[in-house]
Amino acid sequence: MKNWLFGILLFAAPVWAGDEQRPPIAEQPVVELTGTVTRVQIAMGQGMPYLEVKTAKGTVRLYLGSMRYLVQENFTPKAGDLLEAKGYKMADSVVAIRVELPASKKVLKLRDENGWPLWMGGRRRGEGGPD
């Protein structure tokens, strides 16, 4: 019985360790954006908050994170703000990893180094963060 239990624990250890695991979104290519916020869609009950950003290559929808986390982090972008961001490229949008508003020196970290959402505690409860 002990050998059977040991075998299961040995097999499961890499899964529990979490160091190698990443959420599916982290398999997407990482892109960097620089542009101007043209629309802010951050309102309670309005689905996933996002920003529309006008870049040199066109307008991009940049999804952020939970509304609760944005309020907690005092993240209040406005149309006209210059923005720099890093995120995962999806088919027609970008899911933010990190967003910076240089004029206000505000940096919002949304995902940890493995892609886990910080508003959910990250994979290791928010330790570390993307740069």
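## Some details on the side chain of Glu52
Here's step 1: Structurally, the position occupied by Glu52 is in strand S2 (residues 50-55).
Here's step 2: For Glu52, the contacting residues outside a window of four places in its chain are Thr36, Val37, Thr38, Arg39, Thr59, Val60 and Arg61.

## Brief notes about the nonpolar core
The tendency in soluble globular proteins is for nonpolar side chains to be buried side by side.
Here's step 1: Of all hydrophobic cores here, the largest spans 20 residues; its most connected members are Leu51, Leu62, Leu64, Phe75, Leu83, Val99 and Leu110.
Here's step 2: Contributions of two or more residues to this core are made by strand S1 (30-41), S2, strand S3 (58-63), helix H2 (67-72), strand S4 (82-89) and strand S5 (94-101).
Here's step 3: Sort the elements by how many residues they give to this core and S5 lands first, with four residues.
Here's step 4: For Leu110, the residues in contact, after removing those within four places along its chain, are Leu64, Gly65, Tyr69, Leu70, Ala96, Ile97, Val99, Trp116, Pro117, Leu118 and Trp119.

## Let's talk about the pattern of salt bridges
Here's step 1: In total, this model carries three salt bridges according to the counting rule given.
Here's step 2: Measuring nitrogen to oxygen at the nearest pair gives 3.7 Å for the salt bridge that ties Glu52 to Arg39. Separated by 13 residues along the polypeptide, Glu52 in strand S2 and Arg39 in strand S1 bring together distant segments of the chain.
Here's step 3: Of the charged contacts, one joins Glu52 and Arg61 as a salt bridge, the two residues approaching to 3.3 Å between their closest N and O atoms.
Here's step 4: Residue Glu52 is classed as buried on the basis of its relative accessible area, which comes to 19%.
Here's step 5: Here Arg61 falls in the partly exposed class, since its relative accessible area comes to 28%.
Here's step 6: Within the structure, one salt-bridge network assembled from shared partners comprises Arg39, Glu52 and Arg61.

Conventions adopted
Residues numbered from 1 in each chain as written. Predicted model: local features only at pLDDT ≥ 70, side-chain atom pairs only at ≥ 80, totals over all residues. Heavy atoms only, no water. Helix = DSSP H or I, 4+ residues; strand = E, 2+ residues; numbered from the N terminus. Contact = heavy atoms within 4.5 Å. Core = buried A, V, L, I, M, F, W, Y, C linked by side-chain atoms within 4.5 Å. Buried < 20%, exposed > 50% of the residue type's maximum accessible area, 1.4 Å probe, protein only. Salt bridge = Lys/Arg side-chain N within 4 Å of Asp/Glu carboxyl O.

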